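# Working through the structure, step by step
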Amino acid sequence: MLSYIIEGGNRLQGSVNISGSKNASLPIIAASILNDNTTTLYNVPNISDIETTLKILHILGCNVVKKNGKIT
């Protein structure tokens, strides 16, 4: 099991960017085809399931644009 041992009197600080959930993103992407207007999604994880879904939407005639962590 991986563990971290932290010694010393210094306070830990910093930030971590957390990507969105695949299980939330996939149904939202699928539902976006029901919208007549542009749908913009933020914080979508960059994983193969999402890429495959976006390719399917492209084959169906949707215009999909990925830029700076958002999908339009």
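Look a little higher up for the structure.
## Considering the layout of surface pockets
Of the pockets and cavities examined, the largest pocket occupies roughly 280 Å³. Every residue lining the largest pocket is counted, 16 residues in all, and those nearest its centre are Ser-32, Thr-39, Cys-62, Asn-63 and Thr-72. Partitioned by chemical class, the residues of the lining of the largest pocket number nine nonpolar, seven polar and no charged.

## A closer look at the nonpolar core
Within the largest apolar cluster, seven residues are counted, these being Ile-29, Leu-41, Val-44, Ile-50, Leu-54, Leu-57 and Ile-71. The leading source of residues in this core is helix H2 (residues 48-59), at three residues. Once residues within four sequence positions are removed from consideration, Val-44 is found in contact with Ser-25, Ile-29, Ile-50, Gly-69 and Ile-71.

Quick notes on the rules
- Along each chain, numbering runs from 1 in the same order as the chain's sequence is written.
- Thresholds applied to this predicted model are a pLDDT of at least 70 for local features of residues and 80 or more for the giving and counting of side-chain atom pairs; totals over whole chains, interfaces and linings are not thresholded and use all residues.
- Note that the side-chain values use all heavy atoms of the structure and ignore hydrogens as well as water.
- Using protein atoms alone on a 1 Å grid, points that fit a 1.4 Å probe yet trap it form a cavity, whereas open point sets bounded by protein on both sides within 12 Å along at least five of seven lines form a pocket; residues with an atom within 4 Å of a point count as lining.
- Grid points are joined across faces, edges and corners, and a volume is the space filled by probe spheres set on the points.
- Each residue gets one of three labels, nonpolar for Ala, Val, Leu, Ile, Met, Phe, Trp, Tyr, Cys and Pro, charged for Asp, Glu, Lys and Arg, and polar for the others, Gly among them.
- For this analysis, a nonpolar core means a set of buried residues of the types Ala, Val, Leu, Ile, Met, Phe, Trp, Tyr and Cys, connected via side-chain atoms within 4.5 Å.
- Relative accessibility under 20% of the residue-type maximum defines a buried residue, over 50% an exposed one, and the middle range a partly exposed one, all with a 1.4 Å probe and only protein chains included.
- Counting from the N terminus, the helices are DSSP H or I runs at least four residues long and the strands are E runs at least two residues long.
- Note on definitions: a residue-residue contact is assigned when non-hydrogen atoms from the two residues lie within 4.5 Å.

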